[in-house]
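Geometric and topological summary
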Amino acid sequence: MSDELDETRAPLLDHLIELRRRLLYCIAAIVVAFAISYYFAEDIFSFLVQPLLSAGQTKLIYTEIFEAFFVQIKVAFFAAMMVSFPVIANQLWQFVAPGLYKSEKRALLPFLLATPVLFLAGASMAYYIAVPMALHFLLGFQGDVGGVNQEALPAIGNYLSFIMQFLFGFGIAFLLPVLLMLLERAGIVTRQQLVSARRYAIVGAFAIAAVLTPPDVGSQLLLAIPLCFLYELALIGIWFTERRRARTAEKPAAAE
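From a predicted model like this one, the values you see are computed outputs, not experimental measurements.

**Some words on the overall build of the chain**
- For the chain, the count of helices and strands is 11 helices and 2 strands.
- From first element to last, N terminus to C terminus, the chain shows the α and β order α-α-α-α-α-α-β-β-α-α-α-α-α.
- Per-residue burial over the chain gives 32% buried out of 256 residues.
- For the chain, restricting intrachain contacts to residue pairs at least 6 apart in sequence, the fraction spanning at least 24 positions comes to 83%.
- Of the roughly 15900 Å² of accessible surface on the chain, a fraction of 68% belongs to carbon and sulfur atoms.

**Let's talk about the confidence of the model for the chain**
- For the chain, the average pLDDT comes to 82, and 88% of its residues sit at 70 or higher.
- Confidence, expressed as mean pLDDT per element, reaches its minimum in the chain at helix H1 (residues 2-6) with 47 and its maximum at helix H3 (residues 41-48) with 93.
- Note on residues 1-6: pLDDT under 50 across the span, and 9 contacts to partners over four residues away in sequence or across chains.

**Observations regarding the packing of aromatic side chains**
- All told, the structure shown has 13 aromatic pairs when counted by the stated rule.
- Judged by centre distance (4.5 Å) and plane angle (10°), the ring pair of Phe-47 and Tyr-127 falls under stacked. Within this pair, whereas Phe-47 is found in helix H3, its partner Tyr-127 is found in helix H6 (residues 102-138), the two being separated by 80 residues in sequence.
- Note on Phe-47: relative accessible area 41%, which makes it partly exposed.
- The exposure class assigned to Tyr-127 is buried, which follows from its relative accessible area of 8%.
- Through a chain of ring-to-ring contacts, the aromatic side chains of Phe-45, Tyr-159, Phe-162, Phe-166 and Phe-170 assemble into a single cluster.

**Structural notes on the nonpolar core**
- Membership of the largest hydrophobic core comes to 35 residues, with the highest contact counts inside it found for Phe-45, Tyr-159, Phe-162, Ile-163, Phe-166 and Leu-167.
- Elements with a contribution of two residues or more to this core: H3, helix H5 (67-96), H6, helix H7 (156-173), helix H10 (198-212) and helix H11 (217-255).
- Among the elements that line this core, the one with the most residues is H7, at 10 residues.
- When sequence neighbours within four positions are dropped, the list of residues in contact with Phe-45 reads Leu-60, Val-71, Val-75, Ile-156, Tyr-159 and Leu-160.

What counts, and where the lines are drawn
Residues numbered from 1 in each chain as written. Predicted model: local features only at pLDDT ≥ 70, side-chain atom pairs only at ≥ 80, totals over all residues. Heavy atoms only, no water. Helix = DSSP H or I, 4+ residues; strand = E, 2+ residues; numbered from the N terminus. Buried < 20%, exposed > 50% of the residue type's maximum accessible area, 1.4 Å probe, protein only. Contact = heavy atoms within 4.5 Å. Areas by Shrake-Rupley, 256 points an atom, 1.4 Å probe, with all protein chains shown as cover. pLDDT = per-residue confidence, 0-100. Phe/Tyr/Trp six-rings, centres within 6.5 Å; stacked < 30°, edge-to-face > 60°. Core = buried A, V, L, I, M, F, W, Y, C linked by side-chain atoms within 4.5 Å.

Now the structure itself:
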């Protein structure tokens, strides 16, 4: 194993130059993605407002002169970060990989590949299920209240923040298995510790759901229940990786 690292050793200055080169690639990818995303910002925002249209709300307002413009900037930036993530992740991997053993590369690569898949799964669940349910609840307060007509007039900036909170909240929450398996792989926690902490994890899942979603119970359950399921999925994945490591460790012993 030491031979593997000896081949990739380099002076500190060379590492800093390599880091700068990787960062420049990441910045270039974000800039290019931002330029393209800004051109299609209106179409992207049209996609984001579909849950609002489905809930029966056909009007968005802006009360500040620059609000609509800054919304387009934010939409383009969010889209650019998501589009350029594969490039950023690849550059990070290219910088870190030379300092890893082959076994460590094989262990970390699946986590790197699973990250965008799980994030997109969480964001998709938020967009197609959680956001429409939350909007149905929140817009249900419209109507006659004590003789006064109560009408929802959401601001364009507030709606963007609302839906981005859902998309990123659900997307990041769905990365829980990756986080737990990395912690176990690093030796910070063990599967037995995670199993014994299951009840606290359930409480934590509902606490996270209460923070990231509106106060309606339906939206909170839509995030809390998948989090509990993902926690159990992580335990199963850790169990399989433990068995595989045990078999790998038995082979050299048997050879001796």
